Each structure stands twice: as C-alpha cells, then as structure tokens.
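This is what each chain is made of:
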2 protein chains.
Amino acid sequence: MALEHALLVSLSEQAASGLDLTHRFDKSIGYFWTASHQQIYRVLGRMEGDGWVHCEVVAQQGRPDKKVYAVTEPGRLELERWLAEPTVTDPIRSELMVKIRGASYGDRAAIIEQARESLEDHRKRLSLYEFLESKDYPNPDLLEGRELDICLVLRGGVRLERFWIDWLTDYIDAHTRTTTKERRP
Amino acid sequence: MALEHALLVSLSEQAASGLDLTHRFDKSIGYFWTASHQQIYRVLGRMEGDGWVHCEVVAQQGRPDKKVYAVTEPGRLELERWLAEPTVTDPIRSELMVKIRGASYGDRAAIIEQARESLEDHRKRLSLYEFLESKDYPNPDLLEGRELDICLVLRGGVRLERFWIDWLTDYIDAHTRTTTKERRP
DNA sequence: CTCCGCATGTAAGCTGTTACATGATTCA
DNA sequence: TGAATCATGTAACAGCTTACATGCGGAG
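Every value quoted in this text rests on a predicted model; they were computed, and no experiment measured them.

Undergrad: Any chance you could explain the relation of the copies chain B and chain A here in plain terms?
TA: The two chain copies are connected by a rotation around an axis plus a translation along it. You can overlay chain B on chain A at an RMSD of 0.1 Å; the transform is a turn of 180° with a shift of 0.0 Å along its axis. Such a combination of rotation and displacement between the chain copies is what one expects of a two-fold axis. Rotation axis and chain B: the residue whose C-alpha lies nearest the axis is F163(B), separated from it by 3.4 Å. In this assembly, 100% of the residues forming the interface of chain B have copies in chain A that are likewise at the interface, indicating an isologous arrangement.

Undergrad: Sorry if this is basic, but what is going on with the protein's contact with DNA strand C here?
TA: Around DNA strand C lies a shell of 24 residues, among which Y41(A), Q60(A), K67(A), Q39(B) and G62(B) are the nearest. Contact distances for DNA strand C include 2.5 Å between a phosphate oxygen and a side-chain N or O atom of K67(A). Side-chain polar atom of R46(B) to a phosphate oxygen of DNA strand C: 3.2 Å apart, as the coordinates give it. Elements with a contribution of two residues or more to the surface near DNA strand C: α2 (18–25), α3 (37–49) and β2 (63–71) of chain A together with α3 (37–49) of chain B. Top element by residues in the surface near DNA strand C is β2(A). It accounts for 5 residues. Here the surface near DNA strand C is built from residues that sort into 8 nonpolar, 9 polar and 7 charged.

Undergrad: Even after reading the chapter, I still don't get the packing of aromatic side chains, so can you show me in this structure?
TA: Geometrically, a pair of aromatic rings is defined through the distance of the ring centres and the angle of the planes. On inspection of all chains with the given rule, the structure shows 6 aromatic pairs over all chains. Aromatic pair W167(B) and Y171(B): ring centres 5.7 Å apart, planes at 15°, arrangement stacked. Here Y171(B) and W167(B) lie together in helix α7 (residues 145–183), a separation of 4 residues that amounts to about one turn. For R93(A), the ring lying beneath its charged end belongs to W33(B), and the centroid distance is 5.2 Å.

Undergrad: Explanation requested: the interface of chain B and chain A in the structure shown.
TA: Accessible area lost when the parts come together is the quantity often used to give the size of an interface. Opposite the 70 residues of chain B that make contact, chain A presents 70 residues. For the pair chain B and chain A, the summed buried surface comes to about 7100 Å²; carbon and sulfur atoms form 57% of the total. In terms of surface lost to chain A, no three residues of chain B exceed E95(B), R101(B) and Y105(B), which account for 13% of the buried area on that side. Our count for the contact surface shared by chain B and chain A stands at 8 salt bridges. Close ionic contact of D170(A) with R159(B) constitutes a salt bridge, the shortest N to O distance being 3.0 Å. On inspection of chain B and its partner chain A, the count reaches 40 residue pairs in polar contact (both at pLDDT 80 or more). Of all the elements in the fold, those that place two or more residues in the side of chain B that touches chain A are α1 (3–13), α4 (73–84), α5 (95–101), α6 (108–136) and α7 of chain B.

Criteria and thresholds
- Residues numbered from 1 in each chain as written.
- Chains lettered and ligands numbered in written order.
- Predicted model: local features only at pLDDT ≥ 70, side-chain atom pairs only at ≥ 80, totals over all residues.
- Heavy atoms only, no water.
- Least-squares fit on C-alpha atoms with pLDDT ≥ 70 in both.
- Contact = heavy atoms within 4.5 Å.
- Near = heavy atom within 4 Å.
- Polar contact = N/O pair within 3.5 Å; in protein donor to acceptor, adjacent residues only side chain to side chain.
- Helix = DSSP H or I, 4+ residues; strand = E, 2+ residues; numbered from the N terminus.
- Nonpolar A, V, L, I, M, F, W, Y, C, P; charged D, E, K, R; others polar.
- Phe/Tyr/Trp six-rings, centres within 6.5 Å; stacked < 30°, edge-to-face > 60°.
- Lys NZ or Arg CZ within 6 Å of the ring centre and 35° of its normal.
- Buried area = accessible area lost by both parts, 1.4 Å probe.
- Salt bridge = Lys/Arg side-chain N within 4 Å of Asp/Glu carboxyl O.

These figures come from the coordinates and say nothing about function on their own.
This is the structure we're talking about:
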C-alpha cells in the first residue's frame, strides 16, 4: 500500500484538511502508522487526481482558508478492495536493536544510556495510551463494531509499549548485573 | 541511518559476501532489520566507495567467484561513531492495524481471516525463535558481553512475537464474542 | 517584537521495492 | 528436463525524509 489507504480510513471517519490529518497521525491512527505533513499533502493531491477524494475550500475567520477533503464513491470502493486484499506481515525495523546487537564494537555504556532514554519514552507513551483507554473506553465489554475496533487498536498500542518496557528493563538489568559481578569479583 | 550500519555490525562479527549477508538478514540480525539482496549489493558498493569496507574476490571450485567484504579501520570508526549517536524511537508501521481500524468500511469477516493468517505466521516465528533460544542459549545467566547482547535481542524477538499472538488472539476473540451475541439474541 | 500556531506547499535527495538479467552447478 | 541454489548485479519506480518557503493572526 501505503499512506493512501490510511488516509482513506481516516477520512471515512470524518472529512478533514491536510493539517487535521497531520494531527490525527500524531495520535489515534498514528499508533500504528506515521506520516509527516509534507507527505500527507502530496498524497492528498495524488488521491484527488485519482478521484478517490474530493476537496472543498472552506473560508475561516482570522485564519487561512482550508481545503477539506472527503472520500468519494471511487475512493470508498478502493478502500473496500484494499481491505479485502491479503496482507503480508510487516517487516520490523528497530535501530536500537541493531545498536544493541553491535554494542561490543563501541561504547556499551552509551548504548545502555540510549536504552534508558528509550525506556522513558515508551513509559510516557504507555501513560498516554492508558489515560486515553480509561477516558474513552471505560467499558470495553459493551462495545461493538467500529468502536470496538478502535478500542482494540488502542489496546494493541498499550501492549506494544508494555513489550518495549519489559524488554528494555530486562536488557538494562542484565547488563547492570554483569557490571555488578565485574565490580565485585 | 540505515542499512549501512546494520551491515557494519554483521561484517564486524564475520567477513562475508553479499549473499552471505542476505542469508543473515533472513535470520539473526533480521529479527529487527530486513533487507533484500539487491539493496545489500548496492549499499555494499557504496560502502566500498566510501572506504568503510574492503573487498577481496575469492575463487571457489564448482561455484562462481565471490566477493568477500571486511570492515576497514574507517568503517570501524564510523560504526563506533554511529553507536554513540542518540537514537530516535523507531516509528511503527502495521498495515494490518490500519485495516483493523478501518474494518467497518469493508468486509469485516475477510479482515478477521487476515488476522488469523497473521496469527499463524507469528506462531511459526515464535516456534523458530524459541527453538533457536533453547539450542544456542540454554544458560542465559552465564552469558556476558557480545553473546549476552545477541541472546537478549533474540529474546526480544520472542517477546515481540508473543505480543502479536496475544493481541491477535484477543482481537479475534472479541469479534467472535460479538458475532455469537448477535446470533443468539 | 518575537515567537508560536494555522495552513499550505515545493524541491532535492535518500531508502527501499519490484522486476529483470546472467551463467554455472546440483539434485530429483 | 526442469527446478533450485550459488552468486552477482541493473533499471525503474515508489515511498519517505529533510530542508526550505510563504503569509496571516494571536499571545506574551
């Protein structure tokens, strides 16, 4: 794919401008897909050319005009087609993991420090996600359909952050243990 | 970064040809970084141009010659420099998650089926990783340094697969529950 | 008066994917 | 004979990042 279909999903939920979409990608749909504003604008342009979305210029008071995009019938059909298409498992890319694997070719202490920073980052995200979960979905058992989907994706975000926190804690502990052993022979 | 540094890590462990590296990226270092052979050859060429690696043509019997690459001193320094550099948290990209979020705009049953296939895929990988873990690192508490690093990265792979398995099981269950409710009103 | 947010974009470049290509050897 | 493995690559394209650009209005 790429971004096109993520935008179609987001615009199906609610028509939006490029900047609106950028903000949405900083949260919600952004738990599992990221995009910069430049890329969003470019792709929106292409999608308009393909007739997947239609754009309306909306004047605002005290602010620049904005172009509000909505999904067209061809866009809806394209989304439907894509959703039914088989999905290949996404490749994983973690720079930190590569660094950790190569730690013995450089300054290990610096890499452990990077792991600590990453841990902090993941803890902050977890807090945010847990806050959103308790605020928006206090009774997940009662949900169905679209709301259930969105809640489950958020829960996926929570679990993924927990994975990182658990693993990074383990990593730091394992190397602290080693260091302690070396210091008390 | 990108691939350059992953190749420097892999070549630091052991000098190798393009194809050797491709095989390594299908496992071990490939748990958290993937690359196709085409890209590896191209990047190796660039790295040679930059003087980070040095290549020696090795003749073989009954097989084509191969170009064995090894890290040079400038390459080693570059790796060291990169390892000490701060790391930004890698963005996550999951096509399946986007599809799940958009499931209500298409055929939900088809998407649940894709989730089932993905679950199978992750179960297979988990089996492989667990096998490698028990084979290569039966006593993780005794490890130190480079071996410990490599073992911990593998354990990260195990945990990441478990995350996917747990979450996908939850997702499928939640929607099966919903369907059952609807069928028995 | 400076910085921040709103709102849109362009241009250059890097990274990665897909498809194609060659030629030898080994195995069923 | 056909397929797979070894071994290397080219070419075209798609996707994404980084840096730059503009202009208005509001807050401090």
